[in-house]
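# Topology and contacts: notes
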Amino acid sequence: GAGVSQSPSNKVTEKGKDVELRCDPISGHTALYWYRQRLGQGLEFLIYFQGNSAPDKSGLPSDRFSAERTGESVSTLTIQRTQQEDSAVYLCASSSQRGGRGELFFGEGSRLTVL
Amino acid sequence: SQQGEEDPQALSIQEGENATMNCSYKTSINNLQWYRQNSGRGLVHLILIRSNEREKHSGRLRVTLDTSKKSSSLLITASRAADTASYFCATDARMDSSYKLIFGSGTRLLVRP
């Protein structure tokens, strides 16, 4: 597609359930990032993929969070046993350059609400 | 902790006025970027300035970078109501092996018609 696509755009779930968030990056972009944005806050780095490897996953807040990427394509962010503090917008971005050296293209985000 | 911090947190100006936002960061960088976010939307890249550059222009945008003070400013000239958004600076961390692009907490700009 022309831009970064994220799904679902909105997800409401009950505490304790697992959720999967999907990101389709721009074709050919080798770098892929996940960020979390709580209401009215800045972006919190979660994980960075270069190709299908994750050289920096230092931002994942707990072992309930995991992410994978298939080749240089789709990535999924999985949150297990969701908690209310997981409620946020999860933003995915891709780039043709590695390591934060170039412009990031963002998706519209997946808004997660944990009841 | 955040690498970049914007100042002010919020700014309200009249259409036609200039808006200046500042960003401070902590570690050495390769580049600094500015992004814009409309409410409830993803971020859009505005401009990238490299560590060996001091000033860069793009349309009504002017960005400066002072690596000795670890600070940058974004100036929007002749502001319009459509410029109302949150503005974020982002820096890459050069000192370690980190691949993060770290964002600040943002400046919320309101341009009154």
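Before going into details, it helps to say that this report is about the structure given with it. Because the structure is a prediction, the values reported are computed rather than measured.

### Observations concerning the overall build of chain B
Counting its regular elements, chain B contains 0 helices and 11 strands. What you see for chain B is a C-alpha radius of gyration of 14 Å, in line with the 13 Å of a compact globule of 113 residues. Based on the C-alpha atoms only, the size of chain B along its principal axes is roughly 45 × 30 × 20 Å. Counting the 113 residues in chain B, one finds 47% classified as buried. Within chain B, counting contacts between residues at least 6 apart in sequence, those at least 24 apart form 57% of the total. Within the structure as shown, chain B displays about 5300 Å² of accessible surface, and the carbon and sulfur contribution to it stands at 46%.

### A closer look at the sheet that holds strand E7 (residues 65-69) of chain A
All names here are of chain A. The 4 strands lie next to each other as E1-E3-E8-E7, forming an open sheet whose pairing is antiparallel. Of all strands in the sheet, those with a lone pairing partner are strand E1 (5-7) and E7, marking the two edges. The sheet shows a mean angle of 15° between the axes of neighbouring strands, direction not considered.

### Quick word on unusual backbone geometry
For the bond from A:Ser7 to A:Pro8, the omega torsion is -5°, close enough to zero to count as cis. Turning to its location among the elements, A:Pro8 is positioned in the loop between E1 and strand E2 (10-13). For the bond running from B:Asp7 to B:Pro8, omega is 0°, close enough to zero to count as cis. Looking at where B:Pro8 falls in the secondary structure, it is placed in the loop between strand E1 (4-7) and strand E2 (10-14). The phi torsion at A:Arg81 lies on the positive side, around 50°, for a residue other than glycine. Along the chain, A:Arg81 turns up in the loop between strand E8 (75-79) and strand E9 (88-95). Assessed through its relative accessible area of 42%, A:Arg81 is described here as partly exposed. A positive phi angle, close to 50°, is found at B:Lys70, a residue other than glycine.

### Topic: the pairing of strand E5 (residues 43-50) of chain A
Residues and elements named next belong to chain A. Across the 8 residues of E5, 7 count as buried, placing the element largely inside the fold. Here strand E4 (residues 31-37) pairs with E5 via 7 bridges, running antiparallel. Its bridge partner lying in E5, tyrosine 33 is registered against tyrosine 48. Turn length for the E4-E5 hairpin, with the two strands adjacent in sequence and antiparallel, is 5 residues, and the turn residue glycine 40 shows positive phi of about 75°. Alignment of E5 against strand E6 (residues 53-56), held across 2 bridges, turns out to be antiparallel. Within the sheet, the bridge partner assigned to glutamine 50 lies in E6 and is serine 53. Between E5 and E6, which pair antiparallel one after the other, the connecting turn spans 2 residues, and glycine 51 there sits at a positive phi close to 65°.

### As for the interface of chain A and chain B
On the chain B side, the residues contacting the 23 residues of chain A number 23 residues. Carbon and sulfur atoms make up 51% of the area that chain A and chain B hide from each other, which totals about 1800 Å². Broken down residue by residue, the surface that chain A buries against chain B is led by A:Leu43, A:Arg101 and A:Glu108, which jointly contribute 26%. At the junction of chain A and chain B, the tally comes to 2 salt bridges. With a shortest N-O distance of 3.6 Å, B:Asp92 and A:Arg101 are connected by a salt bridge.

Definitions and cut-offs
- Residues numbered from 1 in each chain as written.
- Chains lettered and ligands numbered in written order.
- Predicted model: local features only at pLDDT ≥ 70, side-chain atom pairs only at ≥ 80, totals over all residues.
- Heavy atoms only, no water.
- Helix = DSSP H or I, 4+ residues; strand = E, 2+ residues; numbered from the N terminus.
- Rg over C-alpha atoms; globule rule 2.2 N^0.38 Å.
- Buried < 20%, exposed > 50% of the residue type's maximum accessible area, 1.4 Å probe, protein only.
- Contact = heavy atoms within 4.5 Å.
- Areas by Shrake-Rupley, 256 points an atom, 1.4 Å probe, with all protein chains shown as cover.
- Pairing = 2+ DSSP bridges.
- Axes fitted to C-alpha atoms, helices over the stretch in contact; angles between N-to-C directions.
- Buried area = accessible area lost by both parts, 1.4 Å probe.
- Salt bridge = Lys/Arg side-chain N within 4 Å of Asp/Glu carboxyl O.

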